[in-house]
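Survey of secondary and tertiary structure
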Amino acid sequence: MGGQRTTSGDLLQLVRSGRATTRGALQEATGLSRATVGLRLDRLFRAGWLREGAAGPGGSPLGGRPSARLEFDTVHAVVLAADLDTRHARAAVLTLDGTPLAEHTGPLRVEDGPESVLGELGDWFAGLLDRAGRDPARVCGIGLAVPGPVDTATGRVVQPPIMPGWDGHDIRGRLCRAFTARTGAGDVPVLVDNDANLMAYGEQRASFPGCSAFALVKVSTGIGAGVIVDGAVYRGIDGGAGDIGHVRVPGGADALCKCGSYGCLAAVASGRALARRLADLGVPAASGSDVGALLAAGHPEAVRLAREAGRAVGEVLATVVTLLNPGVLMIAGDLAGTAFLTGVRELLYQRALPRSTSRLEVVTARLGERAGLVGAGAMVVEELYGAEGVEVRLAALGV
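How each quantity is defined
- Chains are numbered independently. Their residues run from 1 in the order of the written sequence.
- Predicted model: local features are reported for residues with pLDDT of at least 70 only, side-chain atom pairs are reported and counted for 80 or more only, and whole-chain, interface and lining totals are derived from all residues.
- Hydrogens and water molecules were not included; the side-chain quantities draw on all heavy atoms of the structure.
- The salt bridge definition used is simple: a Lys or Arg side-chain nitrogen within 4 Å of an Asp or Glu carboxyl oxygen.
- Note on conventions: DSSP H or I runs of at least 4 residues are helices, E runs of at least 2 residues are strands, and numbering of each starts at the N terminus.
- Each residue gets one of three labels from its accessible area relative to the maximum for its type: buried under 20%, exposed over 50%, partly exposed in between, using a 1.4 Å probe on protein chains only.
- Helix span, expected: 1.5 Å multiplied by one less than the number of residues in the helix.
- The criterion used for residue contact is that any of the two residues' heavy atoms lie within 4.5 Å.
- Strands qualify as paired when DSSP identifies two bridges or more between them.
- Helix axes are fitted to C-alpha atoms over the stretch in contact, other axes to C-alpha atoms as well, and angles between N-to-C directions run from 0 to 180 degrees.
- By nonpolar core we mean a set of buried residues, namely Ala, Val, Leu, Ile, Met, Phe, Trp, Tyr and Cys, connected to one another through side-chain atoms within 4.5 Å.
- Values of pLDDT, ranging from 0 to 100, describe the predictor's confidence in every residue of the model.
- We call a pair of cysteine sulfur atoms a disulfide when they lie within 2.5 Å.
- Geometry of aromatic contacts follows a simple scheme: Phe, Tyr and Trp rings, the Trp one being its six-membered ring, pair when their centres are within 6.5 Å, and the pair is stacked under 30 degrees between planes, edge-to-face over 60, tilted otherwise.

Quick word on the pattern of salt bridges
In the structure shown here, the tally under the stated rule is 24 salt bridges. Where Arg-16 meets Glu-382, a salt bridge forms, and the shortest distance between an N and an O atom there is 2.6 Å. Residue Arg-16 is located in helix H1 (residues 8–17), and its partner Glu-382 is located in helix H13 (residues 371–385); the two are separated by 366 residues in the primary sequence. In this structure Arg-16 comes out as partly exposed when scored by relative accessible area, which is 24%. Here Glu-103 makes a salt bridge to Arg-370, at a shortest N to O gap of 3.1 Å. On the criterion of sequence distance, the pair formed by Glu-103 in strand S5 (residues 100–107) and Arg-370 in the loop between strand S14 (361–364) and H13 is long-range, its members being 267 residues apart. With relative accessibility at 31%, the residue Glu-103 sits in the partly exposed group. When salt bridges with common partners are traced through the structure, they connect Arg-277, Glu-301, Arg-304 and Glu-308 into a single cluster.

Following this line, the structure appears as structure tokens:
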């Protein structure tokens, strides 16, 4: 980080990361003078984003008496986060460090379309803010996870197989309008990403922060993957990375997928595919969550089919692991239990070279159903309080 190019946003990043948490440490890390550091910190204090804590145990690295510790104020604003699945959703009010202040889970059918679903989320957010005792004016942004590929530059989903009526819809604008209509607050930034991406982002940051190559596979009604490389979501050129549910697999030639093709992994091994097969056997099931409930109850046919599905997914993941060489492969979603994981391991270790798996951890989700919310909240915070976002917002505030 060099001299005059170091901004207030860069200083906030150093404080938030814990790499430099006193004025003296910031001087040492950046090469800026004491006066320049003071001026740039003053902008952050005036914005209300930084505060002084107790003095540290030792003196400044540049000498002198102990310096007061600088801290990112994680309660000066709140984030709203929501995670849409095909038949239900979760929403929460979070502090800037991800602490939940209020949460709600309920039925919400993505097939009802964006106008209805996003309007309902606006109602949920208003109620959650009341429960959390937070003024809507303190909301700095909204993060939304959706079960489809997202062009993050526009926040619009692109040809989503299991989100009828959502293709190209202005999700950001509609959710912002719904929020302001229900609360009377001003416009707030809305960020949208794929659910597997945000689950991966939340899980990696919370449980495997030192892992530089992390992959998460969500197997619920559909199948998708999120990849984190060097702490950032890898999305590909237009948000299509990780869409492994539409890889063609052997033995699936007669299986029609929601995307219109035959033989996709999702048509063979997703929660929807297993629910259909269970229904054919006379077992009531219509979605990935239904299959998950049957697995939790130890239903023998559900367990058998889940293991078969795990083997199909494991065969695809052998290629994924060979290509990405991740340190952690996490299985998440409604089917992520012992039977499915056993099937994944069987084929993954059989098909992939030992070189690709010798240092690989294959694990199940740690955050459970909250992973998407955690990731959505973190996405908003990193966008708004990252170095570039800070400079734009400070200029808008006139500080």
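Brief notes about helix H5 (residues 171–183)
The α-helix winds at 3.6 residues per turn, so residues separated by three or four positions along the chain end up facing the same way. With 13 residues, H5 extends 18 Å from end C-alpha to end C-alpha; this agrees with the ideal 18 Å at 1.5 Å per step. Taken together, the buried positions of H5 are Ile-171, Gly-173, Arg-174, Leu-175, Cys-176, Ala-178, Phe-179 and Thr-180. Residues of H5 that are buried sit in contact with strand S3 (78–84), helix H4 (114–132), strand S6 (139–146), strand S8 (156–157) and strand S9 (190–194).

So, the sheet that holds strand S13 (residues 328–332)
The pairing of strands in a sheet comes from backbone hydrogen bonds and takes either a parallel or an antiparallel form. Judged by pairing direction, the sheet is mixed, and its five strands sit side by side in the order S12-S11-S10-S13-S14 without closing on themselves. Of all the strands in the sheet, just strand S12 (232–233) and S14 have a single pairing partner and so form its edges. Pairing geometry for strand S10 (residues 213–219) and strand S11 (residues 223–229), over seven bridges, is antiparallel. Opposite Lys-218, over in S11, you have Gly-224 as the bridge partner. The strands that helix H10 (residues 300–324) touches are S10, S11 and S13; relative to S13, the one it contacts most, it runs at about 150°. Here helix H11 (residues 338–351) sits on the sheet and contacts S10, S13 and S14; the angle it forms with S14, its principal contact strand, is near 165°.

Concerning the pairing of S6
With eight of its eight residues buried, S6 lies for the most part within the structure. Inspection of the sheet shows S3 paired to S6 by six bridges, in the parallel sense. By the bridge assignment, Val-79 is partnered in S6 with Gly-141. For S6 and S9, the ladder comprises five bridges, and the chain directions are parallel. Residue pairing across strands places Ile-142 opposite Val-190, the latter belonging to S9.

Observations regarding the sheet that holds S5
The strand order across the open sheet built from five strands is S5-S4-S3-S6-S9, with neighbouring strands paired in mixed fashion. Two strands lie at the open edges of the sheet, namely S5 and S9, each paired on one side alone. Sheet twist, expressed as the average angle between the axes of neighbouring strands with direction ignored, equals 15°. Lying on the sheet, H4 is in contact with S3, strand S4 (88–94), S5 and S6; it crosses S5 at an angle near 145°.

Notes on the nonpolar core
With 38 residues, the main nonpolar core has Val-217, Leu-317, Leu-329, Phe-340 and Leu-348 as its most contacted residues. Those elements that place two or more of their residues in this core are S10, S11, helix H7 (265–269), helix H8 (271–280), helix H9 (288–296), H10, S13 and H11. With 10 residues, the top contributor of residues to this core is H10. Sequence-distant contacts of Leu-317, that is, excluding residues within four places in its chain, are made with Val-217, Ile-244, Leu-329, Ile-331, Val-344 and Leu-348.

Re the confidence of the model for the protein
For the protein, per-residue confidence averages 93 on the pLDDT scale, and residues scoring 70 or more make up 96% of the total. Here strand S1 (residues 50–55) stands out as the element of the protein with the lowest mean pLDDT, 84, in contrast to S3, whose mean of 98 is the highest.

Some points on the state of the cysteines
Overall, the coordinates contain zero disulfides when judged by the stated rule. Sulfur of Cys-257: no disulfide; nearest cysteine sulfur belongs to Cys-259 and is 3.7 Å away. In this structure Cys-257 comes out as buried when scored by relative accessible area, which is 8%.

Re the packing of aromatic side chains
Counted under the stated rule, the structure contains three aromatic pairs. Seen from their ring centres, Trp-49 and Tyr-385 are 5.3 Å apart, and the 80° between their planes marks the pair as edge-to-face. Of this pair, Trp-49 sits in the loop between helix H3 (34–47) and S1 while Tyr-385 sits in helix H13, placing them 336 residues apart in sequence. For the residue pair Trp-49 and Tyr-385, the accessibility class agrees, reading buried in each case. Ring geometry for Phe-72 and Tyr-385: centres 5.1 Å apart, planes at 65°, overall edge-to-face. Remark: Tyr-385 occurs in helix H13 and Phe-72 occurs in strand S2 (residues 68–72); sequence separation between them is 313 residues. The buried category is assigned to Phe-72, whose relative accessible area is 12%. The buried category is assigned to Tyr-385, whose relative accessible area is 0%.

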